[in-house]
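# A structural walkthrough
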Amino acid sequence: MTMKEASGTKRSSIRDFHQARWNEPIIFELNQPGEVGIEVVQSGEAEEPGSSLWEDIALSSILRQDPPALPELGQMQILKHYLRLSQETLGADFNVDVGQGTCTVKYSPKVNEELVRSHKVAGVHPLQEAETIQGTLTILHKTDLIFREISGMDGFCFQPRSGTHAILAMASIVRAYHEDQGNPERNEVITTMFSHPSDAAAAHTLGFKIISLPQDPSTGLPRIEDLENALSDRTAALFITNPEDTGIFNPDIVKFTELTQNNGGLCCYDQANANGLLGITRAREAGFDMCFFNLHKTFSIPHACGGPASGALGVVDKLVPYFPIPHVVERDGGFTLEEDFPKSIGKIGSYLGVVPAVIRAYAWIMSLGAEGLKQVSQTAVLNNNYLLHHIRQMKGMDIPYSKDGFRIEQVRYSWQKLFEDTGISTEDIVNRMCDHGMHMWSSHHPFIVPNPMTLEPTESYSIAELDEYIQALESIVEEAYNNPEIVKTAPHKSCIHQVDHSWLDDPRKWAITWRAYVKKRDSGAYLESSVSIN
Amino acid sequence: MSHPYIPNSHPAIQRKMLETIGAHSIEDLYGAIPDSLRPKRPMNLPERITSEQALRRHVESILENNLSSRDLLCFKGAGCAPHYVPAVCDEVNQRSEFLTAYAGEPYEDHGRFQALFEYASLMGELLDLDVVGIPTFDWNQAASTCLRMAQRITGRNRMLVSETVSPERMSTMHNYCRSKMEIVAVPCDQETGLMDIDFIRSNASESTIGLYFENPGFLGNIETRTKELADIIHDAGGLILVGTDPISLGVLQPPVQYGADITCGDLQPLGIHMQQGGGQSGFIATKDEERFVEQYPSRLFSVTTTSVPGEWGFGDVLYDERTSFGAREKGNEFVGTGTALWAITAGVYLSLMGPKGMRQIGRVILGRNAYAMNKIASISGLSVRALDHPHFKEFVVDFSNSGMSAAEVNNKLLEREIMGGYDLSSRLSGYDQCLLFCITEIHSIEDIDNLSDSLTSILSNATTQSK
């Protein structure tokens, strides 16, 4: 391949895609009474000595009478069913997965999967004595030191099991800190409308009142005067992302952290959007007291259909005593787990967190080094601005805020003009992108940017793939103006067709399990239902 | 230099892309970041390992210092247990499609939605309930959310919780719930581990949100006075919340059948490797009543139809009003990334096991625990707590009169390639020098005899030495 071809001047034609479509029944519809999927215990073992000891006497009041009505199927039939469902799922390993902004869907290296499938990880119990898990503790310690350097924080904890869980941990530490300082009346958390909804929601869950700063309509950034008005002697903390979900970096971030701290508040950095910033800028210099990284975003852990995930939580020295327990402590050439931290918030989650996630992240970092991590960020930002450059030129497209500038790692675009011109909404485009084997995401609620689209290309995708994504979008814009019906009725080449949404918010019809469906069907709940397209 | 994970890292490609977008250098793209926030030196990190084989060797050499349940005979439980993982479970959850999918639409990710709907449906059969949410981080979080759901439903402020729930869980629940309720620990009999019913009766009032207990309990004890407990709480207008081990439910009643309003627990026993705690997954389930459904913070997927007759589709129930994705802090608690891959895996496990498999495995675990408890109780110097009460999967052995501390016993067991029980000393009041042993279907009668013989030998050596 010549460089000219590789660099995208010669574009591939649009792929003639069709997703797998198995029309696979719900597993209960496949039930074949008498078939068996596996034998986990040897035949006869269930009748061995001891098995009936309590069953007849003490337990009689609590024994299950009717067996659970699970389907009965042979092993190969079960395997086939689930493999068909897997084929009807579009993982990042298959598509140009730049469409889920804020989520940093990147390549999860296969070698790291092999490492964590070893019995040295998969077969380890979480409460083993420290001397039997020195391998894991070594990696937790090394990764802690690496994250300190990346962020400038003074210590890291890997117990939180997602980014939102890390936000909950931050809020817990904020509360414990102010109580410890004798200031329990500090019960307000300030965040911004373009920070992740979990910043507001998790802090609110712990009892904080939430103040969400609006964005300046011209810059998209929160205004300093709004922060000043929000600050008071009730301020507990600022929870903020930077760049926010618009991909715009807030150059005044130090003023935000200084003002908050001068008012007695702590500054908590949601680094969900860190993928453009590794080796570029750090939480420490921006004045933060705490930050966290999503290992399933920036640090390559697979997203796994929505978890398990991991949130690596970092704090400055004065907040280390509030960390969840146990702490990994280096002692006498080895590592111990210690719990004697009376100011600790206790357990935010079970055990040591999602250990395999930390091991994967460690391996990924070691495969890159300092220069490689910076290259990750630089390339992610370059890819993002390459997408931005092409999408900006599309008909019906608007780029709210700083229209001509560069962005960091993602952009929140708007199809509002296209919608006004053609009646084609973001949701329609999302559905039509499925016909290209691609995913596209709008934004969190509320839709401050009308008809939003949020893309984050990360460092993982080649220029040819970015061009393919751009072309798919271009073709849909073309259709919106010339053949809108095909967009409105999409998807056409996905696993299924347009879903009837009328059941979903109707208690008489929603069916969250098969048994609920069967009961409602048999009681006639769906008789009057006609198929309606959303 | 190009990096294999960064296709556009090649300088020539980067030059071309910069030219396209009208920038001189990548630094131009960072123009918004003030110089004062730019580091003055490169990050000081360990040197990069360039080849995949060297990376593998490096990480594996560190992990060699772990001892696993393949290296040792593991008798630790306490909320995460060594169970047999069917090969099909791993085959499915290692599929690239499931492993690397995230937040796709009900169209391109139809299979993910269906697999998760089926997970809820299969768990629904096991739990005898019509609503099961997409699982959260772990049992700690699931139980904490159950308490908050119950608080919102009742509008009350005092929650009774059995004092013998896992100390870890108690800590998480306290941190998570204290802004909304007072958690009152229900005292338990230190012999049987069972709750003081008189205490519950005298504390059930119009301010009582409800009662949370676990069955089988953290200490393996099975609560059989369930109807009485439910009546006391329901008569006071409160809710019964029960945490349960799903692998027990082929033989034990699902909690709803003895009055539970909300059921929760952990999916790890259902075909998920321990992974040093990475396999935890917290489920929540209720009846199909609006007052419950509208209180879930997690995503709930409903089956529905599509524009093509005979085709199943899926979608989110009450997404906008209920979830923080839809309503930020006005939603219920929060939702984010949970543990969907383990839900799919648990669904595969329940499909494989079927009704007969779940019953068999429950019987085997019950029986082996009875065998192990009696066998260990016969060792001189040891006592098994609540020997006469039924247990599932876990039981407490008291070493107070053995001449050795529980920790010393575990160290001696390690020398014999046995991972002893979870040391409850200083973790659970009244259980000093006690080990919580866990017996599952992976432990053969010979394994249990090995444990028993080893304990006998260790303690007789200790007695000999002390003489």
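Residues numbered from 1 in each chain as written. Chains lettered and ligands numbered in written order. Predicted model: local features only at pLDDT ≥ 70, side-chain atom pairs only at ≥ 80, totals over all residues.

## A few points about the overall build of chain B
Within chain B one finds 16 helices and 15 strands. Once the C-alpha set of chain B is aligned to its principal axes, its extents read approximately 80 × 55 × 50 Å. Taken across its 467 residues, chain B has 64% of its residues classed as buried. (Helix = DSSP H or I, 4+ residues; strand = E, 2+ residues; numbered from the N terminus. Buried ≥ 20, exposed ≤ 12 C-beta atoms within 10 Å, placed from the backbone.)

## Things to note about the overall build of chain A
Each helix and strand counted, chain A has 16 helices and 11 strands in total. Taking 24 Å as the expected radius of gyration for a compact globule of 534 residues, we find that chain A reaches 26 Å, a close match to that expectation. Referenced to the eigenvectors of the C-alpha coordinate spread, the extents of chain A come out at roughly 70 × 70 × 55 Å. The buried share of chain A, taken over its 534 residues, is 58%. Here the analysis covers contacts within chain A between residues at least 6 apart in sequence; of these, 74% occur between residues at least 24 apart. (Rg over C-alpha atoms; globule rule 2.2 N^0.38 Å. Contact = placed C-beta atoms within 7 Å.)

## So, the pairing of strand 8 (residues 327-331) of chain A
Residue and element names in this part refer to chain A. Relative to strand 9 (residues 334-338), strand 8 runs antiparallel, the two being bridged by five bridges. Along strand 9, the bridge assignment pairs Arg 331 with Gly 334. A loop of two residues connects strand 8 with strand 9, the two strands running antiparallel in sequence, and Asp 332 in this loop sits at a positive phi of about 50 degrees. (Pairing = 2+ DSSP bridges.)

## Section: the interface of chain B and chain A
Taken together, the 175 residues of chain B in the interface contact 179 residues of chain A. A breakdown of the residues in the side of chain B that touches chain A according to their chemical character gives 81 nonpolar, 59 polar and 35 charged. (Nonpolar A, V, L, I, M, F, W, Y, C, P; charged D, E, K, R; others polar.)

## Brief notes about the confidence of the model for chain B
Looking at chain B, pLDDT values average 96 and 99% of them are 70 or higher. Reported for the predicted complex are a pTM of 0.97 and an ipTM of 0.98. (pLDDT = per-residue confidence, 0-100.)

## Notes on unusual backbone geometry
Trans is the common state for peptide bonds, and a negative phi is the common state for residues other than glycine. Going from His 445 of chain A to Pro 446 of chain A, the amide bond is cis rather than trans, its omega being -10 degrees. By the secondary structure assignment, Pro 446 of chain A is in the loop between helix 13 (426-434) and strand 11 (452-455). Cis geometry is found at the peptide bond from Ala 490 of chain A to Pro 491 of chain A, where omega equals 5 degrees. For Pro 491 of chain A, the location among the structural elements is in the loop between helix 15 (484-488) and helix 16 (514-522). Phi is positive for Cys 305 of chain A, which is not a glycine, with a value near 65 degrees. Inspection of the secondary structure puts Cys 305 of chain A in the loop between strand 6 (290-294) and strand 7 (311-315). A tally of 32 C-beta atoms within 10 Å means that Cys 305 of chain A is categorised as buried. Positive phi values are uncommon outside glycine, yet Asp 128 of chain B reaches one of about 60 degrees. The exposure class of Asp 128 of chain B is buried, given the 21 C-beta atoms found within 10 Å.

## Thoughts on the domain arrangement of chain B
All names here are of chain B. Segmentation of chain B into domains returns domain 1 (73-82 + 357-466) and domain 2 (87-349). Of note, the centres of domain 1 and domain 2, computed from C-alpha atoms alone, are 29 Å apart. Listed as interface residues are 26 residues of domain 1 and, on the opposing side, 26 residues of domain 2. Ranked by residues supplied to the side of domain 1 that touches domain 2, first place goes to helix 14 (residues 340-377) with seven residues. Grouping the constituent residues of the side of domain 1 that touches domain 2 by class yields 14 nonpolar, six polar and six charged. (Domains from an automatic or database assignment.)

## A few points about the sheet that holds strand 11 (residues 383-384) of chain B
Backbone-to-backbone hydrogen bonds join strands into a sheet, with any given pair of strands oriented parallel or antiparallel. Residues and elements named next belong to chain B. Overall, antiparallel pairing links the four strands, which are arranged 11-12-15-14 in an open sheet. Edge positions in the sheet fall to strand 11 and strand 14 (422-423), since each of these pairs with one other strand and no more. The pairing of strand 14 with strand 15 (residues 434-438) spans two bridges and is classified as antiparallel. Looking at strand 15, one finds that Asp 423 is bridged to Leu 435.

## A closer look at helix 16 of chain A
Side chains three or four residues apart in an α-helix point the same way, a direct result of the helix having 3.6 residues per turn. Of all the positions in helix 16 of chain A, only Trp 514, Ala 516 and Tyr 517 of chain A are classed as buried. Here the buried residues of helix 16 of chain A occupy an arc of 155 degrees about the axis, which is enough to place them on one side. Taken together, the buried residues of helix 16 of chain A touch helix 6 (110-127) and strand 9 (301-305) of chain B. In the segment just after helix 16 of chain A, Gly 524 of chain A is the residue with positive phi, at about 85 degrees. (Arc of directions from axis to C-beta.)

## Regarding the sheet that holds strand 2 (residues 131-132) of chain B
All names here are of chain B. The mixed open sheet is built from seven strands, whose spatial order is 2-8-7-6-5-3-4. Bordering the open sheet on either side are strand 2 and strand 4 (182-186), each of which pairs with just one other strand. Examined bridge by bridge, strand 3 (residues 158-162) and strand 4 share five bridges and lie parallel to one another. Opposite Leu 160, over in strand 4, you have Val 184 as the bridge partner.

## Quick look at the environment of Val 293 of chain B
Residue and element names in this part refer to chain B. Considering the arrangement of structural elements, one finds Val 293 in helix 11 (residues 290-293). Sequence spacing of Val 293 and Glu 182 is 111 residues, and the spatial spacing of their C-alpha atoms is 24 Å. Contact partners of Val 293, with chain neighbours within four places excluded, come to Val 131, Asp 288, Leu 300, Val 317 and Leu 318.

## Some words on the nonpolar core
Of all hydrophobic cores here, the largest spans 313 residues; its most connected members are Met 170 and Cys 268 of chain A together with Leu 116, Cys 146, Leu 241 and Ile 344 of chain B. In terms of residue count, helix 14 of chain B provides more of this core than any other element does, 21 residues in total. When residues no more than four places from it in sequence are discounted, the contact partners of Ile 344 of chain B are Cys 305 of chain A together with Val 92, Asn 93, Phe 98, Ala 115, Leu 116 and Tyr 119 of chain B. (Core = buried A, V, L, I, M, F, W, Y, C linked by C-beta atoms within 7 Å.)

## Examining the environment of Leu 341 of chain B
Residue and element names in this part refer to chain B. Positionally, Leu 341 belongs in helix 14. Residue classification places Leu 341 among the buried positions, given that 28 C-beta atoms sit within 10 Å. Taking the C-alpha atoms as reference points, Leu 341 and Glu 223, separated by 118 residues in sequence, lie 32 Å from one another.

## Details of the pairing of strand 7 (residues 262-266) of chain B
All names here are of chain B. Of all five residues in strand 7, five are buried, a share of seventy percent or more. Residues Ile 262, Cys 264 and Asp 266 of strand 7 are buried on one face, and the alternating residues Thr 263 and Gly 265, pointing to the opposite face, are buried as well. Pairing geometry for strand 6 (residues 239-244) and strand 7, over four bridges, is parallel. When the bridges of strand 7 are listed, Leu 241 appears paired with Ile 262. Pairing of strand 7 with strand 8 (residues 282-286), which is carried by five bridges, proceeds in the antiparallel orientation. Residue pairing across strands places Asp 266 opposite Gly 282, the latter belonging to strand 8.

## Examining the packing of helix 11 (residues 369-392) of chain A against helix 1 (residues 11-21) of chain B
A pair of packed helices can be characterised by two numbers: the angle between their axes and the separation between those axes. At a minimum axis distance of 9 Å, the contact between helix 11 of chain A and helix 1 of chain B shows a crossing angle of 40 degrees. Here helix 11 of chain A lies oblique to helix 1 of chain B, going by the angle between them. The chirality of how helix 11 of chain A crosses helix 1 of chain B is left-handed. Residues Leu 382, Asn 385, Tyr 386 and His 389 of chain A of helix 11 of chain A lie in contact with helix 1 of chain B, whose contacting residues are Gln 14, Met 17, Thr 20 and Ile 21 of chain B. Looking at the contact of helix 11 of chain A with helix 1 of chain B residue by residue, the class counts come to four nonpolar, four polar and no charged. (Axes fitted to C-alpha atoms, helices over the stretch in contact; angles between N-to-C directions. Parallel < 35°, antiparallel > 145°, perpendicular 65-115°, else oblique. Left-handed = near helix turned anticlockwise from the far one by under 90°.)

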